Each structure stands twice: as C-alpha cells, then as structure tokens.
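Reading the structure
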Amino acid sequence: MDCQEKLEVPVYTDVDKDTFLRDIYPLRRPAVLKRVPLGPCVRAWTVSYLAQKGGDREVKVHVSPEPRMDFLHKNFVYRTLPFDKFVQRAAEANHTDFFISKDESYYLRSLGEDVRKEPADIRKQFPELAEDFHIPQFFEPEQFFSSVFRISSPGLQLWTHYDVMDNLLAQVTGRKRIVLYSPKDALHLYLTGDKSEVLDIDTPDLQLYPEFAKACRYECVLEPGDLLFIPALWFHNTLALEFGVGVNVFWKHLPPDSYDKKDPYGNKDPVAATRALQSLERTLGILEELPPDYRDFYARRMVLRIQNRGYSMQTTQKNSKTT
C-alpha cells in the first residue's frame with residue numbers, strides 16, 4: 001500500500017535469552033529472530049507426518065469460501081474434521097471433499113481441553129507433535145500462558161487485531177507475510193473491540209477509512225524456522241503465502257492480577273483497562289443528558305484530559321507535530 005509509510009521489521013540472528021532480554025525486549029517493537037533452535041519440527045512437519053502423528057482426533061476448524069477471513073462479519077463457519085483429514089484438505093488448493101466450495105480455505109487455532117477454562121497448550125492437545133517443538137525459553141516458566149498450534153491454507157489472511165500478552169510466533173513450515181501496526185496508531189485503524197474494521201489492508205477503501213493512510217505499516221516475511229516477537233498491543237495481520245504450520249507462545253509480562261482469570265484465550269483487555277472502558281461508557285451516557293452543543297464542548301474537554309493524563313509523552317509530542 002503506497003499511501004502508508006512502510007518500514008521493515010528488524011532482523012536478528014542467533015539470539016539467545018540474554019540477548020533477547022537485553023537488546024530486543026526492552027525496545028517493545030516487533031523483531032524477526034532467525035536461527036533460534038526450534039527442534040526437529042522444521043524438517044519433520046510434512047503433511048504426511050502431521051497426519052500420521054496427529055491421527056484421527058477431531059478438531060474444530062474455521063472454513064471460509066474466501067481466503068480473507070473476517071471475524072467481525074463472520075464470513076466463515078466452524079466445522080469438525082479428523083485431524084489427519086483436515087491437514088490434507090488444508091494443504092490443497094482445490095478439494096474433492098468440501099463443505100462450501102472446491103476452493104474453500106481452512107484455519108485451525110488449537111483450543112484447550114475445556115475451551116471455556118483452559119488455555120491451549122500444544123503439549124496437552126498434540127503431545128506427539130509437541131515433542132518435535134522446543135518452546136524458546138525467553139521468559140520465566142511461571143510466566144507461560146499458552147502455546148497455540150495453528151495451521152493455515154495457502155493464501156489464508158486473518159483479520160488485523162491485537163493481543164494483550166507478549167508472544168512469539170514460530171513459523172515452523174511455509175512462508176507467511178506479517179503486517180503490523182503500532183499501538184500508537186490505534187486511532188487510525190477503525191477499531192471494533194480488539195479488531196480493525198479495515199479488512200483489505202493492501203488496497204483499502206480510503207473514502208470509507210481515510211485515517212487508515214496515516215498508520216505506519218511494519219512488514220516482514222517469515223521463512224520456515226523464523227520467530228517473530230510481537231509485543232502486547234501491537235496490531236498484526238497475517239497472510240499465508242504457502243500452506244503453513246506455526247505455534248504462538250504467549251506469556252504474562254504484567255503482574256498476574258492484571259489479567260482476567262476467566263479468559264482462556266488471553267485476548268481480553270487487562271482488568272483495569274476493562275474497568276476504565278466501562279466507566280467511559282457510563283460517562284458518555286451521562287453526557288447524553290446535555291444539549292448537543294454542551295455535549296460537544298464537554299466531550300472535547302474530556303478528550304484533552306485523557307490526552308494530558310493518559311497518553312505517553314512520545315505520543316503527545318507526535319500528535320502536536322501533526323496538528
């Protein structure tokens with residue numbers, strides 16, 4: 001997309017825990033990490049091997065008639081398949097067996113055994129495959145939250161969203177393009193909850209989403225065996241350039257009480273942020289009691305208060321230069 005400023009995600013090679021914590025993690029920016037040992041999975045996880053090791057256990061998967069999946073408008077359905085059959089279908093461009101159409105796209109995001117209470121953990125849901133994957137030890141064991149096993153059809157694109165925990169995306173097989181946006185560009189992304197309404201990030205409708213052009217686009221392509229560090233709150237959009245298998249490893253970098261204990265997905269806003277947003281909704285309801293011109297005036301005063309007290313100094317300086 002030519003109308004956005006575009007930056008490459010920096011690349012680091014042969015990173016160990018000390019280097020990560022000293023030189024990369026404090027920057028709070030995405031980083032591609034190459035030649036970090038992930039185990040035999042990078043060579044072993046072929047379609048036939050995955051099907052054999054995963055067996056016929058049933059998995060719930062997303063199925064969409066088009067490759068760009070839209071969580072806001074739900075252009076997909078959930079279907080259940082034996083894992084070995086799912087892997088074979090996901091690797092195909094066209095299907096002889098299908099639910100919707102011959103060129104439908106598939107996406108697996110592994111879940112915990114009790115989907116309402118337990119986070120995903122590849123060691124529990126896919127123990128035979130987990131033996132091949134070595135979780136990078138870039139955080140303390142007690143910080144671990146989940147390891148999410150993901151499989152995507154070629155061409156599959158997932159919606160732009162943010163997560164509230166730091167994570168490492170391990171691209172085990174296949175190539176994947178990742179586009180990221182800074183949390184400081186949230187005002188330009190037309191958010192509904194944790195997701196952007198802008199689905200086509202490469203050729204967006206700028207008449208409908210004019211502010212989107214102001215967001216700075218960070219981009220990288222992950223090769224098999226690469227890791228991507230995605231700091232919490234960074235928006236990301238993924239495009240599978242090939243059939244691909246990956247594992248997301250999430251960990252809690254805030255104090256444990258900051259997180260919603262009833263959130264097995266790890267994507268609910270921190271407890272304090274949720275309370276603040278609920279208070280804001282109540283405040284906006286109170287403003288509705290005022291005439292329109294008064295409501296507009298006091299809403300602007302509130303925005304200034306939020307900017308002065310809530311924005312980081314860096315963001316405030318950036319906004320002052322652009323207004």
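Everything quoted here is computed from the prediction, not taken from an experiment.

It is the contact of helix 3 (residues 47-54) with helix 4 (residues 83-90), at a shortest axis distance of 8 Å, that shows an interaxial angle of 165 degrees. With respect to their mutual orientation, helix 3 and helix 4 come out roughly antiparallel. Pair helix 3 / helix 4 crosses with right-handed handedness. On helix 4, the residues touching V47, L50, A51 and G54 of helix 3 are F83, D84, V87 and Q88. Class assignment of the residues belonging to the contact of helix 3 with helix 4 gives a composition of 5 nonpolar, 2 polar and 1 charged.

A few words now on the nonpolar core. L33, W45, F83, F86, F133, F149 and I151 are the most contacted members of the largest nonpolar core, which has 42 residues in total. Discounting residues that sit within four places of it in the chain, L33 has contacts with Y12, V15, F20, I24, F138, L168, D226 and L227. Within the second largest apolar cluster, 17 residues are counted, among which are A120, V198, F212 and A215.

On the surface, a nonpolar cluster with roughly 380 Å² of combined accessible area is contributed by L290, Y294, F297 and Y298. With respect to the helices, strands and loops of the structure, Y294 is situated in helix 8 (residues 292-310). By relative accessible area, Y294 is classed as partly exposed at 47%.

Axis separation between helix 7 (residues 271-287) and helix 8 bottoms out at 10 Å; the angle between their running directions is 155 degrees. When the axes of helix 7 and helix 8 are compared, the pair comes out roughly antiparallel. Of the residues in helix 8, those touching helix 7 at L280, T283 and L287 are R295, Y298, A299 and M302. Of the residues in the contact of helix 7 with helix 8, the class split is 5 nonpolar, 1 polar and 1 charged.

Attention now goes to the environment of R57. In this fold, R57 is placed in the loop between helix 3 and strand 4 (58-64). Between the alpha carbons of R57 and Q125 there is a distance of 9.8 Å; along the sequence they are 68 residues apart. Not counting residues up to four positions away in its chain, the partners in contact with R57 are L81, P82, F83, E113, Q125 and F126.

Topologically, D132 is positioned in the loop between helix 6 (127-130) and strand 7 (144-152). Within the structure, the side chain of D132 is placed 2.8 Å from the side chain of Y49, a separation counted as a polar contact. Ignoring any residue separated from it by four or fewer positions in sequence, one finds D132 in contact with L38, G39, P40, C41, W45 and Y49.

Before going further, it helps to spend a moment on the pairing of strand 3 (residues 31-34). Alignment of strand 2 (residues 11-13) against strand 3, held across 3 bridges, turns out to be parallel. The residue of strand 3 that forms the bridge with Y12 is L33. In terms of handedness, the path from strand 2 via helix 1 (residues 17-24) over to strand 3 forms a crossover that is right-handed. Two strands pair when backbone bridges link them, and strand 3 and strand 14 (residues 226-230) are joined in this way by 3 bridges, in the antiparallel orientation.

For the coordinates displayed, the defined rule picks out 20 salt bridges. The residue R123 makes a salt bridge to D121 at a minimum N-O spacing of 3.0 Å. We classify R123 as partly exposed; its relative accessible area is 45%. Across the pair E288 and R295 runs a salt bridge, and its minimum N-O distance is 4.0 Å. Classification of R295 by relative accessible area gives partly exposed; the value is 25%. The network of salt bridges with shared partners includes K6, R177, D202, R217 and E219.

In spatial order, the strands read 2-3-14-9-16-7-6-4-5; together these 9 strands make up an open sheet with mixed pairing. Looking at the sheet topology across the chains shown, the edges are occupied by strand 2 and strand 5 (77-82). On average, each strand axis in the sheet is inclined to that of its neighbour by 25 degrees, with strand direction left out of account. Examined bridge by bridge, strand 4 and strand 5 share 6 bridges and lie antiparallel to one another. Bridge assignment links E58 to a residue of strand 5, and that residue is P82. Where helix 1 meets the sheet, it contacts strand 2, strand 3, strand 14 and strand 16 (244-251), and its direction lies at approximately 160 degrees from that of strand 3.

Let us look at unusual backbone geometry. In this structure, Y190 takes a positive phi of about 55 degrees despite not being glycine. With respect to the helices and strands, Y190 occurs in the loop between strand 10 (176-181) and strand 11 (191-192). Residue Y190 is classed as partly exposed on the basis of its relative accessible area, which comes to 22%. Phi is positive for L233, close to 80 degrees, though the residue is something other than glycine. Among the structural elements, L233 can be located in the loop between strand 14 and strand 15 (235-240). Given the relative accessible area of 39%, L233 is considered partly exposed.

Reading the values: rules and limits
- Residues numbered from 1 in each chain as written.
- Predicted model: local features only at pLDDT ≥ 70, side-chain atom pairs only at ≥ 80, totals over all residues.
- Heavy atoms only, no water.
- Axes fitted to C-alpha atoms, helices over the stretch in contact; angles between N-to-C directions.
- Helix = DSSP H or I, 4+ residues; strand = E, 2+ residues; numbered from the N terminus.
- Parallel < 35°, antiparallel > 145°, perpendicular 65-115°, else oblique.
- Left-handed = near helix turned anticlockwise from the far one by under 90°.
- Contact = heavy atoms within 4.5 Å.
- Nonpolar A, V, L, I, M, F, W, Y, C, P; charged D, E, K, R; others polar.
- Core = buried A, V, L, I, M, F, W, Y, C linked by side-chain atoms within 4.5 Å.
- Buried < 20%, exposed > 50% of the residue type's maximum accessible area, 1.4 Å probe, protein only.
- Patch = residues over 30% accessible without salt bridge, like charges linked within 9 Å, V, L, I, M, F, W, Y side chains within 5 Å.
- Areas by Shrake-Rupley, 256 points an atom, 1.4 Å probe, with all protein chains shown as cover.
- Salt bridge = Lys/Arg side-chain N within 4 Å of Asp/Glu carboxyl O.
- Polar contact = N/O pair within 3.5 Å; in protein donor to acceptor, adjacent residues only side chain to side chain.
- Pairing = 2+ DSSP bridges.
- Right-handed = clockwise from strand over helix to strand, strands pointing away.

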